[in-house]
Amino acid sequence: MPKLITNLRQLRLERGMSQEELADLVDIRRETILRLEKGMYNPSLKLAMDVAKVFGVAVEELFRFDE
Amino acid sequence: MESKRLSLNRLKLVSLIVASTGSVVSFAYCLFFVDSLAWQIVYIVCLFAWVFASIFSLVSTTRGRVRSDEMSRHNEEEASSVAYRAAQTVLMIAVVLIVGFGMDIAISAPLLFGISFLLYAVQSGFYLFLEKEGIKADAKADH
């Protein structure tokens, strides 16, 4: 199974945002942000788009699969 | 506002404690015929706690009072799937024992409650296991 790679943590830190703040913005739990940053959770398209919208980037810039 | 909502993990932990206790108490009666006053008290307490936890869980979840998201719902679906397969296995074993081996198994209330408690414990326990697995992996990845 291809591994999910993300630069979510990097983008979040660049904007000085905590995991809690990001979780509140996209209405999910902090634990989900944690696992998203580690590439351990495959998000739904809606969640991926919501997170990408917060950072003003395209979904492909935020998430990709290591194939 | 967000933090005032009840944690689904806490609700599942309470469910697991109630279900595990209920399961042990019910099977103690079925297998070892334990029927003391203390047993009856624990049995009744577990039954009421189970009904209360089930109704409270249903009402809180449908009214959005429980803090959950798509990952917790995904874990809950996985756990329900495991509980469903466990239910199929229990029924299959019962059918084999009754039909295949001709065993005379009395379907009593404690037996039914015991099986229900056990499946409830499997569901809650597996959900907590999935949540904990992720947390453990997060901690490992941090080092």
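Residues numbered from 1 in each chain as written. Chains lettered and ligands numbered in written order. Predicted model: local features only at pLDDT ≥ 70, side-chain atom pairs only at ≥ 80, totals over all residues. Heavy atoms only, no water.

**Side note on the overall build of chain A**
We apply this condition: Counting from the N terminus, the helices are DSSP H or I runs at least four residues long and the strands are E runs at least two residues long. Restricting the calculation to C-alpha atoms gives the radius of gyration, and the globule rule supplies 2.2 Å times the number of residues raised to the power 0.38. Each residue gets one of three labels from its accessible area relative to the maximum for its type: buried under 20%, exposed over 50%, partly exposed in between, using a 1.4 Å probe on protein chains only. Each accessible area is a Shrake-Rupley result for a 1.4 Å probe, and residues are judged covered by the shown protein chains and nothing else.
In terms of regular secondary structure, chain A is built from five helices and two strands. Reading the helices (α) and strands (β) of chain A from amino to carboxyl end gives β-α-α-α-α-α-β. Over its C-alpha trace chain A gives a radius of gyration of 11 Å, about what one expects of a compact globule, namely 11 Å for 67 residues. Across its three principal axes, chain A shows a C-alpha extent of roughly 30 × 20 × 20 Å. Across the 67 residues in chain A, those meeting the buried criterion constitute 42%. Entry remark: accessible area of chain A is about 4000 Å², with carbon and sulfur atoms responsible for 51%.

**Considering the nonpolar core**
Operational definition: Think of a nonpolar core as a cluster: buried Ala, Val, Leu, Ile, Met, Phe, Trp, Tyr and Cys residues, connected wherever their side-chain atoms sit within 4.5 Å. Any two residues whose heavy atoms approach within 4.5 Å at even a single point are treated as in contact.
If you look at the biggest cluster of nonpolar residues, it comprises 19 residues, and the most contacted ones within it are A:Leu8, A:Ile28, A:Leu36, A:Leu47, A:Val51, A:Phe55 and A:Leu62. If near-sequence neighbours (up to four positions away) are discounted, A:Leu62 is found in contact with A:Ile5, A:Thr6, A:Asn7, A:Leu8, A:Leu11, A:Ala48, A:Val51, A:Ala52 and A:Val57. Counting residues in each nonpolar core, the second largest holds 13 residues, with B:Ala28, B:Cys46, B:Leu47 and B:Trp50 among its members.

**What to know about the pairing of strand 1 (residues 3-6) of chain A**
Residue and element names in this part refer to chain A. The condition is simple: Here, strands pair whenever DSSP counts at least two bridges between them.
Judged by which residues are buried, strand 1 turns out to be one-sided: Leu4 and Thr6 face inward and are buried, whereas Lys3 and Ile5, on the alternate face, are not. Of the strand pairs in this sheet, strand 1 and strand 2 (residues 63-66) are connected by four bridges, and their pairing is antiparallel. Considered in strand 2, the bridge of threonine 6 is made with phenylalanine 63.

**A look at helix 1 (residues 8-32) of chain B**
All names here are of chain B. Short version of the rule: Expected helix span is given by 1.5 Å per residue-to-residue step, counting one fewer step than there are residues. As used in this structure description, the phrase polar contact means that two N or O atoms lie within 3.5 Å; if the pair is within protein, one of them must be able to donate a hydrogen and the other to accept it, and residues adjacent in sequence are counted only when both atoms belong to side chains.
With 25 residues, helix 1 ought to run about 36 Å at 1.5 Å a step, and its terminal C-alpha atoms sit 35 Å apart, in line with that. Those residues of helix 1 not exposed but buried are Leu8, Asn9, Leu11, Lys12, Ser15, Val18, Ala19, Gly22, Ser23, Val25, Ser26 and Ala28. A distance of 3.3 Å separates the backbone nitrogen of asparagine 9 from a side-chain oxygen at the start of helix 1, and that oxygen is part of serine 7. The positive-phi residue at the C-terminal boundary of helix 1 is phenylalanine 33, with phi of around 55°.

**Focus on a nonpolar patch on the surface**
Residues and elements named next belong to chain B. Put simply, the rule is: Patch members must show over 30% relative accessible area and no salt bridge, and they are joined within 9 Å when carrying like charges or within 5 Å when they are nonpolar side chains of Val, Leu, Ile, Met, Phe, Trp or Tyr. Salt bridge, as used here: a side-chain nitrogen of Lys or Arg that lies within 4 Å of a carboxyl oxygen of Asp or Glu.
Together, Val95, Ile98, Val99, Ile107 and Leu112 line one region of the surface with nonpolar side chains, adding up to about 480 Å² of accessible area. Examining the composition of the nonpolar patch, we find that three residues originate from one element, helix 3 (residues 70-100), more than from any other. Note on leucine 112: relative accessible area 48%, which makes it partly exposed.

**Some thoughts on the packing of aromatic side chains**
Residue and element names in this part refer to chain B. As a reminder, the rule being used: Here is the rule: rings of Phe, Tyr and Trp (six-membered ring for Trp) pair when centre to centre is within 6.5 Å. Planes less than 30 degrees apart are stacked, more than 60 are edge-to-face, and the remainder are tilted. In our convention, an over-ring charge means Lys NZ or Arg CZ found within 6 Å of a ring centre and within 35 degrees of that ring's normal.
Evaluation of the coordinates by the stated rule reveals nine aromatic pairs over all chains. Pairing tryptophan 39 with tyrosine 43 gives two aromatic rings, centres 4.7 Å apart and planes at 15°, and the pair type is stacked. Of the two residues, tryptophan 39 and tyrosine 43 both sit in helix 2 (residues 37-62), four residues apart, roughly one turn of that helix. We note that tryptophan 39, like tyrosine 43, is buried. Between tryptophan 50 and tyrosine 120, the ring centres sit 6.4 Å apart and the planes meet at 55°, which makes this aromatic pair tilted. Residue tryptophan 50 is located in helix 2, and its partner tyrosine 120 is located in helix 4 (residues 109-142); the two are separated by 70 residues in the primary sequence. Note that lysine 12 overlies the ring of tyrosine 127, its terminal NZ or CZ placed 5.5 Å from the centroid.

**Some remarks on the state of the cysteines**
Condition: Sulfur atoms of two cysteines make up a disulfide when they are within 2.5 Å.
Taken as a whole and assessed by the stated rule, the structure comprises zero disulfides over all chains. Cysteine B:Cys30 shares no disulfide, and the gap to the nearest cysteine sulfur, in B:Cys46, comes to 14 Å.

**Quick look at unusual backbone geometry**
Although it is not a glycine, A:Asp27 adopts a positive phi angle of roughly 60°. Tracing the backbone through its elements, the reader meets A:Asp27 in the loop between helix 2 (19-26) and helix 3 (30-37). One non-glycine residue, B:Phe33, adopts positive backbone phi at about 55°. Turning to its location among the elements, B:Phe33 is positioned in the loop between helix 1 and helix 2. B:Phe33 sits in the exposed class, given a relative accessible area of 66%.

Just geometry here; none of it tells us what the structure is for.
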